[in-house]
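In case you want the letters, here they are:
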Amino acid sequence: MTIKIKTALIDDLEAVSKLFNHYRVFYQQPSDLALARSFIAERLTNQDSTIFFAHNGASEPLGFTQLYPSFSSVSAQRTWILNDLYVDKKARQKGVARQLMEAAKRFAIETNSNGISLETAFDNTTAQRLYESLGYRKNDGFFSYFLSMK
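Residues numbered from 1 in each chain as written. Predicted model: local features only at pLDDT ≥ 70, side-chain atom pairs only at ≥ 80, totals over all residues. Heavy atoms only, no water.

Trainee: Any chance you could explain the pattern of salt bridges here in plain terms?
Mentor: Close approach of charged atoms allows side chains of opposite charge to pair. Enumeration over the complete set of coordinates arrives at six salt bridges. A salt bridge links Arg 43 to Glu 42, with the nearest nitrogen and oxygen atoms 3.3 Å apart. The class for Glu 42 is partly exposed, based on a relative accessible area of 40%. Among the ionic pairs, Arg 43 bridges to Asp 48, the shortest N-O distance being 2.9 Å. Residues joined in a network through salt bridges with shared partners are Glu 42, Arg 43 and Asp 48. (Salt bridge = Lys/Arg side-chain N within 4 Å of Asp/Glu carboxyl O. Buried < 20%, exposed > 50% of the residue type's maximum accessible area, 1.4 Å probe, protein only.)

In structure tokens, the structure reads:
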């Protein structure tokens, strides 16, 4: 399988939106392509995030990862939050996620950041193996908290 990785542009909106909708459904959200399209269009238009998009040679969408910028006060450097990683079912176990993660790493280096952070579910052992094989380490020194506004 041919795998090509590119930085998503507004021209990629339809393909990335479909993948993003599938990603949300994977996390038990109702399918809503209009919402996915609107959300991704806003990220791309406002340059709020960087999205890497995997496709085959015929531009068939295979997967994506989305990074959001943040900053570390302690290191006084930019950091990236790898918020989303999704590979279409038919493209799994073919190296797509690894290539997307490598693109994110190259981008973090190119932007002179101090690193990439991510979270995953306790039971997502497949993803954990991938992350650890790429050099990511579990942070056992901190708890994660979230204050919901709903």
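Trainee: Is there a simple way to think about the pairing of strand β4 (residues 77-87) in this case?
Mentor: Each regular strand shows side chains that alternate between the opposite faces of the sheet. As paired elements, strand β3 (residues 61-72) and β4 share 10 bridges and run antiparallel to each other. The residue of β4 that forms the bridge with Phe 71 is Arg 78. A loop of four residues connects β3 with β4, the two strands running antiparallel in sequence, and Ala 76 in this loop sits at a positive phi of about 55°. Where β4 lies against strand β5 (residues 116-117), two bridges are found, and the strand directions are parallel. From the neighbouring strand, Trp 80 faces β5, where its bridge partner is Ile 116. The β-α-β motif built from β4, the intervening helix α3 (residues 96-110) and the parallel element β5 has right-handed crossover chirality. (Pairing = 2+ DSSP bridges. Helix = DSSP H or I, 4+ residues; strand = E, 2+ residues; numbered from the N terminus. Right-handed = clockwise from strand over helix to strand, strands pointing away.)

Trainee: Is there a simple way to think about the sheet that holds strand β2 (residues 50-55) in this case?
Mentor: Sheet strands pair via backbone hydrogen bonds, and the direction of the pair is either parallel or antiparallel. Ordered in space as β1-β2-β3-β4-β5, the five strands form an open sheet in which the pairing is mixed. Across the chains shown, the open sheet's two edge strands, defined by having one partner strand only, are β1 (4-7) and β5. One ladder, built from four bridges, connects β1 with β2; its direction is antiparallel. Paired with Ile 5 across the strands is Ala 54, a residue of β2. In the packing of α3 onto the sheet, contacts are made with β1, β2, β3, β4 and β5, and the angle to β4 comes to roughly 165°. (Contact = heavy atoms within 4.5 Å. Axes fitted to C-alpha atoms, helices over the stretch in contact; angles between N-to-C directions.)

Trainee: I keep staring at α3 and nothing clicks. Help me out?
Mentor: Given 3.6 residues per turn, any residue in an α-helix points the same way as the ones three and four places further on. Here α3 is 15 residues long and its end C-alpha atoms lie 21 Å apart, about the 21 Å a rise of 1.5 Å per residue gives. Among all positions of α3, only Val 96, Ala 97, Leu 100, Met 101, Ala 103, Ala 104, Phe 107 and Ala 108 are buried. Viewed along the axis of α3, the buried residues span an arc of 155°, placing them on a single side of the element. For α3, the exposed residues set more than 90 degrees away from the buried face come down to Ile 109 and Glu 110. Those residues of α3 that are buried lie in contact with β1, β2, β3, β4, β5 and α4 (125-133). Just past α3, the residue Asn 112 takes up positive phi, approximately 55°. (Expected span 1.5 Å × (residues − 1). Arc of directions from axis to C-beta.)

Trainee: In this structure, what is going on with the nonpolar core? I would like to understand it.
Mentor: Side chains of a nonpolar character, in soluble globular proteins, are inclined to be buried together. Membership of the largest hydrophobic core comes to 24 residues, with the highest contact counts inside it found for Leu 82, Leu 85, Val 96, Met 101 and Ile 116. Elements with a contribution of two residues or more to this core: β2, β3, β4, α3 and α4. Residue contributions to this core peak at eight residues, all from α3. In this structure Met 101 touches Leu 82, Leu 85, Leu 118, Leu 130, Tyr 131, Leu 134 and Tyr 136, once residues within four positions along its chain are discounted. (Core = buried A, V, L, I, M, F, W, Y, C linked by side-chain atoms within 4.5 Å.)

Trainee: Please explain α4 as it appears in this structure.
Mentor: Taken together, the buried positions of α4 are occupied by Ala 127, Gln 128, Leu 130 and Tyr 131. Viewed end-on, α4 has its buried residues packed into an arc of 160°, placing them on one side of the element. Taken together, the buried residues of α4 touch β4 and α3. One or two residues past the end of α4 sits Gly 135, with phi positive at roughly 100°.

That is the geometry; function is a separate question.
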